[in-house]
Amino acid sequence: MLKKDIDKLASFVASKYDLHGPIKDGNETTIKPIQDVTKLDYSGIIATNSFKSFFLPIREELFSFSAQGGTNNKVLPKSVNSKAIAAWGMTVMDLKALGLYDLVFAKDPYYQERRENNIVIGISAGAPAKFDEYQVFSMNLEENILEHIPFDIFLEQNKEGEFHIYSGSSKGRQVLKAVGIEIYENIQFVGLIPEEGLDPRMVKMNQKVADSIDQKVWQEIASICLACGKCSQVCPTCFCFDLSEVSEKDGQVTKQREWGNCFFSGFSEIAGKKTFLKTVKQRLFFWYEHKFVRIPNEYKAPGCVSCLRCYKVCPVGINIIEVLNKLKQDE
Amino acid sequence: MNNPYLPSLVEVEQIKVESIDSALFRLKFKDLAQQKKFAFRQGQFMLLSFPGAGEGAFTICSASSQARNYFEVCIRQVGFLTEKFMSLKKGDFLYVRGPYGNGWPVFDKLKNQDLLLIGGGCGFVPIRGLVEETIASEYSSKQAVQVLYGCATEQTLLFKDEFEGWLKKDLQLLISLERQKKFYQYANQKAIKGNLGDLFTKKKIIKPATAMIVGPPAMFNPVIKLLKQLGLADTDIYFSIERRMHCGVGVCQHCAVNNVYVCQDGPIFNLDDLDNNPDLI
């Protein structure tokens, strides 16, 4: 399949969905709404932002309820009610993160409705600029990887720039059929966990990070970390959230869910202003612990997909790979 | 798909002022069918909310056998949400979801079945739930139950009107007050002057027993030390902790303490759990 066929597919998808994908603009690649499908970037540069807001919006309304007495006391659930989005150009790493979200939000009706509405188009491109550095805990280019990541359509690009197409769902097949694409391979998703069992790198990392709070590396990075929380914002697996309220007219109040950030001081605060994650060191460790200990324990899947977006946006250049390499094996 | 965030309406059936800043609320689901189906384990908590004032976690402090009729929470005014609750009157409503958490262990399955119920300050609220439970289940007539209550002053003591009733049901109640001009009397007993730890030196504490502790974090370590001196094993000591809660279903991360979620794996932990997770206290 040639690039022009893929553009045709993208145009069709754009006619049915709100199309978002990576666009290269100067030195930066970002995921944006797409007007011209020929501008979609297939170079393999990881976009600065992630696709997560299409599945877990920065802010979403959950329900409204009333502070008035009488008969107005009904709780009214909100429906997702947004235009269906096509997430175009998700890399294997992004799709692993999406697979994790599918597990974390398996019982969340808002996530599920959005997930059902949206369409996911993956691409094979996607490795950070410095590949040598990246290999440290990369899980890219594994065998049978496509069976272990969720997608509707996946585009594999070869060195000549030609594309091989895979379908991962009936939704994907319907779109391919509508565009007249008949040559594609069907992939059956069998879950995130490889046949061989738990990812050995994940297991090793879990042991390294757990109980490492007293190692000096945490104090070292805490001394430079600004606790700005940018890493959490761009991370495709970070999913902490807050529940908050907005007062509307007539005494109606809307309950909303917003992205949370474990680097912010109110994150662990309880009544009486007591805070449990007091220091930057504690918050940093909490962030790493979520990815490398809690998520693997709960979902048997890695909590970091090694996209290095956190490193890219960090104003003081904290490199997650270096941090993990500095952790001692036994302690 | 069940929506875990939607709260239900409950009506304030009864309010009893307990101290200068606390009141006991008896709540009943507006939907009576929901009330009839309602069940909880002692030690579990509810997320209570009022539109515009937010949501917070409150441990149920009534007997689980009454769950089909009502449940009670005791609220102390500390912030915006609790200030809103304190302004409510009988017949007003608020919203709840839950119950959440693991709850205390079932009494009959304990190794040492005499109970030491220890509460400090407003941490005494969940202890009142345990007291209600031992009375309702007639556990206190089979086993020794000793209640230790440490409080700042007589004015902040909760559930004063219930003390006599507890003593009649064979519970032992020991009270320490940090500040008191004349000794506070309940039935034919007197509170001691001092903190909760002083009860261990001035009174006879039952043993062997299973201890259940709720209170401010600063109280835990001294009390645990005294319990160990008394000969209690780590596995005989349970405690309840407080953390920020948003979702209640182990997703949002606010209540995570290393590898556990307090909203699901807690709020009750065993002292043995500290081996793997010292940050719980």
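Residues numbered from 1 in each chain as written. Chains lettered and ligands numbered in written order. Predicted model: local features only at pLDDT ≥ 70, side-chain atom pairs only at ≥ 80, totals over all residues. Heavy atoms only, no water.

Draft legend 1. Focus on the overall build of chain B. The secondary structure content of chain B amounts to six helices and 17 strands. By the compact-globule yardstick of 19 Å for 281 residues, chain B fits well, its C-alpha radius of gyration being 18 Å. Summarising its shape, the C-alpha atoms of chain B cover approximately 55 × 45 × 35 Å along the three principal directions. Residues classed as buried in chain B amount to 58% of the 281 residues present. Within chain B, counting contacts between residues at least 6 apart in sequence, those at least 24 apart form 66% of the total. Entry remark: accessible area of chain B is about 11,900 Å², with carbon and sulfur atoms responsible for 48%. The positive charge centre, built from 33 side chains, and the negative charge centre, built from 29, are 4 Å apart in chain B. (Helix = DSSP H or I, 4+ residues; strand = E, 2+ residues; numbered from the N terminus. Rg over C-alpha atoms; globule rule 2.2 N^0.38 Å. Buried < 20%, exposed > 50% of the residue type's maximum accessible area, 1.4 Å probe, protein only. Contact = heavy atoms within 4.5 Å. Areas by Shrake-Rupley, 256 points an atom, 1.4 Å probe, with all protein chains shown as cover. Lys, Arg positive; Asp, Glu negative; His and termini not counted. Charge placed at Lys NZ, Arg CZ, Asp CG, Glu CD.)

Draft legend 2. Representation of the pairing of strand β5 (residues 85-90) of chain A in the model. Residue and element names in this part refer to chain A. Across the six residues of β5, six count as buried, placing the element largely inside the fold. As defined by bridge partners, strand β1 (residues 18-25) adjoins β5 across three bridges and the pair is classed as parallel. Across the sheet, Leu19 pairs through a bridge with Ala86, a residue of β5. (Pairing = 2+ DSSP bridges.)

Draft legend 3. Main features of the interface of chain B and chain A. Each partner contributes to the interface: chain B provides 34 residues, whereas chain A provides 44 residues. Interface of chain B and chain A: buried area, both sides summed, is about 3,100 Å²; carbon and sulfur atoms make up 63% of it. Area buried by chain B at its contact with chain A is led by B:Met1, B:Tyr5 and B:Gln253, which between them contribute 19% of it. In this structure, the connection of chain B to chain A is made through zero salt bridges. The interface formed by chain B and chain A holds 17 residue pairs in polar contact (both at pLDDT 80 or more) in total. No other element matches the three residues that strand β6 (residues 93-100) of chain B contributes to the side of chain B that touches chain A. (Buried area = accessible area lost by both parts, 1.4 Å probe. Salt bridge = Lys/Arg side-chain N within 4 Å of Asp/Glu carboxyl O. Polar contact = N/O pair within 3.5 Å; in protein donor to acceptor, adjacent residues only side chain to side chain.)

Draft legend 4. The pairing of strand β9 (residues 172-177) of chain B, seen in detail. Residues and elements named next belong to chain B. Counted residue by residue, β9 has five buried out of six residues, so it is predominantly covered. Both strand β8 (residues 145-151) and β9 contribute to a ladder of six bridges, which runs parallel. Bridge pairing in β9 links Gln146 to Gln172. Between β8 and its parallel partner β9, the chain crosses via helix α4 (residues 163-168), and the hand of that crossover is right-handed. Where β9 lies against strand β12 (residues 192-193), two bridges are found, and the strand directions are parallel. When the sheet's bridge partners are listed, Leu177 is paired in β12 with Lys193. (Right-handed = clockwise from strand over helix to strand, strands pointing away.)

Draft legend 5. Here's a closer look at the pattern of salt bridges. Tallied over the entire structure, the rule returns 27 salt bridges over all chains. A:Glu61 is the partner of A:Lys78 in a salt bridge, and the nearest nitrogen-oxygen pair spans 3.3 Å. Within this pair, whereas A:Lys78 is found in the loop between β4 (76-77) and β5, its partner A:Glu61 is found in strand β3 (residues 59-66), the two being separated by 17 residues in sequence. Judged by relative accessible area, which is 27%, A:Lys78 ranks as partly exposed. Each of B:Arg26, B:Glu72, B:Arg128, B:Glu132 and B:Glu162 takes part in one network of salt bridges that share partners.

Draft legend 6. Main features of the UniProt feature "domain: FAD-binding FR-type" (unreviewed entry) in chain B. Here the UniProt-annotated "domain: FAD-binding FR-type" (unreviewed entry) positions come out as residues 2-106 of chain B. Secondary structure content for residues 2-106 of chain B is 12% helix and 44% strand, while the C-alpha to C-alpha distance between its ends is 29 Å. (UniProt positions renumbered as here; feature names shortened; annotations may be inferred.)

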